[in-house]
2 protein chains.
Amino acid sequence: MAPRSTHAAKPLEEESFGVLECAMGEVKHLCLVKFKEGVVVDDVLKGMTDLVAQMDMVQSFEWGQDVLNQEMLTQGFTHVFSLTFASADDLSTYMGHERHAAFAATFMAAIEKVVVIDFPVVIAKPPPPAAA
Amino acid sequence: MAPRSTHAAKPLEEESFGVLECAMGEVKHLCLVKFKEGVVVDDVLKGMTDLVAQMDMVQSFEWGQDVLNQEMLTQGFTHVFSLTFASADDLSTYMGHERHAAFAATFMAAIEKVVVIDFPVVIAKPPPPAAA
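Residues numbered from 1 in each chain as written. Chains lettered and ligands numbered in written order. Predicted model: local features only at pLDDT ≥ 70, side-chain atom pairs only at ≥ 80, totals over all residues. Heavy atoms only, no water.

(A) Examining the state of the cysteines more closely. All chains considered together, the criterion is met by zero disulfides over all chains. Looking at C31(A), it has no disulfide partner, and the nearest cysteine sulfur is the one in C31(B), 17 Å off. Its relative accessible area of 10% is what places C31(A) among the buried residues. (Disulfide = S-S within 2.5 Å. Buried < 20%, exposed > 50% of the residue type's maximum accessible area, 1.4 Å probe, protein only.)

(B) Structural view of the UniProt feature "domain: Stress-response A/B barrel" (unreviewed entry) in chain A. Taking the numbering used here, the UniProt-annotated feature "domain: Stress-response A/B barrel" (unreviewed entry) corresponds to residues 27-119 of chain A. From the first C-alpha to the last, residues 27-119 of chain A spans 5 Å; its make-up is 42% helix and 33% strand. (UniProt positions renumbered as here; feature names shortened; annotations may be inferred. Helix = DSSP H or I, 4+ residues; strand = E, 2+ residues; numbered from the N terminus.)

(C) Highlighting the packing of aromatic side chains. Residues and elements named next belong to chain A. As enumerated under the stated definition, the model contains ten aromatic pairs over all chains in all. Aromatic side chains F35 and F107 sit 6.5 Å apart centroid to centroid with 85° between the ring planes, which places their arrangement in the edge-to-face category. Here F107 lies in helix α4 (residues 98-110) and F35 lies in strand β1 (residues 21-35), a separation of 72 residues in the sequence. Both rings, one in F85 and one in Y94, keep their centres 5.3 Å apart while their planes meet at 50°; by these two values the pair is tilted. Its relative accessible area of 3% is what places Y94 among the buried residues. (Phe/Tyr/Trp six-rings, centres within 6.5 Å; stacked < 30°, edge-to-face > 60°.)

(D) Focus on unusual backbone geometry. Within the chain, Q75(A) stands out as a residue other than glycine whose phi angle is a positive 55°. You can see Q75(A) is positioned in the loop between α2 (71-74) and β3 (79-85). Exposure remark for Q75(A): the relative accessible area of 35% places this residue in the partly exposed category. Positive phi values are uncommon outside glycine, yet N69(B) reaches one of about 55°.

(E) The environment of A104(B), seen in detail. All names here are of chain B. As for its placement among the helices and strands, A104 is situated in helix α4 (residues 98-110). Here A104 falls in the partly exposed class, since its relative accessible area comes to 21%. Counting along the chain gives 39 residues from A104 to Q65, while the straight-line C-alpha distance between them is 20 Å.

(F) Looking closely at the packing of helix α1 (residues 41-54) of chain B against α4(B). Residue and element names in this part refer to chain B. Closest axis-to-axis distance for the α1/α4 pair is 11 Å, and the angle between their directions is 165°. Comparing their axes, α4 and α1 come out roughly antiparallel. As for how α1 packs across α4, the hand of that crossing is left-handed. In this structure, α1 uses V44, G47, M48, L51 and Q54 to contact α4, whose residues at the interface are R99, H100, F103, F107 and A110. Of the residues assigned to the contact of α1 with α4, the class counts are six nonpolar, three polar and one charged. (Axes fitted to C-alpha atoms, helices over the stretch in contact; angles between N-to-C directions. Parallel < 35°, antiparallel > 145°, perpendicular 65-115°, else oblique. Left-handed = near helix turned anticlockwise from the far one by under 90°. Contact = heavy atoms within 4.5 Å. Nonpolar A, V, L, I, M, F, W, Y, C, P; charged D, E, K, R; others polar.)

(G) Quick look at the pattern of salt bridges. All chains considered together, the criterion is met by six salt bridges over all chains. A salt bridge links D50(A) to K46(A); the shortest N-O distance between them is 2.8 Å. Linking D50(A) with K46(A), this pair stays in helix α1 (residues 41-54), spanning four residues, or about one helical turn. Relative accessible area serves as the criterion here: at 33%, D50(A) is assigned to the partly exposed category. Here K46(A) falls in the partly exposed class, since its relative accessible area comes to 39%. Of the charged contacts in the structure, one is a salt bridge between K34(B) and E112(B), with a shortest N-O distance of 3.4 Å. Of this pair, K34(B) sits in strand β1 (residues 21-35) while E112(B) sits in strand β4 (residues 111-125), placing them 78 residues apart in sequence. A relative accessible area of 25% means that K34(B) is categorised as partly exposed. Judged by its relative accessible area of 48%, E112(B) is partly exposed. (Salt bridge = Lys/Arg side-chain N within 4 Å of Asp/Glu carboxyl O.)

(H) Focus on the environment of S87(B). Residue and element names in this part refer to chain B. Here S87 shows up in the loop between β3 (79-85) and α3 (88-95). Here S87 falls in the partly exposed class, since its relative accessible area comes to 23%. Separated by 28 residues in sequence, S87 and Q59 place their C-alpha atoms 9.6 Å apart. Residues in contact with S87, not counting those within four places in the same chain, are G25 and V27. Here the side chain of S87 touches D90 through a polar contact of 3.1 Å, landing on its backbone nitrogen. (Polar contact = N/O pair within 3.5 Å; in protein donor to acceptor, adjacent residues only side chain to side chain.)

(I) How the structure looks around the pairing of strand β4 (residues 111-125) of chain A. For β4(A), the buried fraction is high: 13 of the 15 residues fall into the buried class. Pairing analysis gives three bridges linking β4(A) to strand β2 (residues 60-65) of chain B, with the strands arranged antiparallel. Paired with V122(A) across the two strands is W63(B), which belongs to β2(B). (Pairing = 2+ DSSP bridges.)

So, in structure tokens, the structure goes:
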């Protein structure tokens, strides 16, 4: 198995707070976005959905649009895009893929600002087995 | 069933791009955080984990720490906290709960900046049935 080179320096298993459950090495690539005025968000979403459908190393993809519109809390960000990978290696492969690079150029041209966070997922409260 | 008053104005089912799958009304409360210097993050995490364990309306809770440290992309944010609720009503109940209010006061005192987004989850690429 490849080493998880991008994992946090401190092994998550050694954290001291409560019962933790790591999601089997899952890594998320999370983007918060504010689009430029005039951008057709549906077009961007279609491009991203198409890209992700073609990329087998992307385990899952979900997104959402803020509904509470509390500017003080959202800082103007309106959309969240969350890609899940089975490992940090899969994330690296995705980020380095030419299809991602091509889409990223289009994406960056459409946004006013963005925050990106990449993190190994720690499940502190797992969903119930038959989550609604 | 209560109306989903905080849902996006445009029903998600009417979106035009590709095959979508809504997560059965799931709503996420997502926080990106930069802590103040000197804050013991483990203590904050323990407080949040304890709070969430006591609050039945929180379906699941996961968090993570950014591992790529690309300041240009993270804007200095280091941690992600993601709470999932079965409905917008459950999110409202959580936000209005006195235990949440008590914790939020401690939490806000520990952070230098935060972005919060609340969104109905749209699953554009579902995880494989036996996700690793």
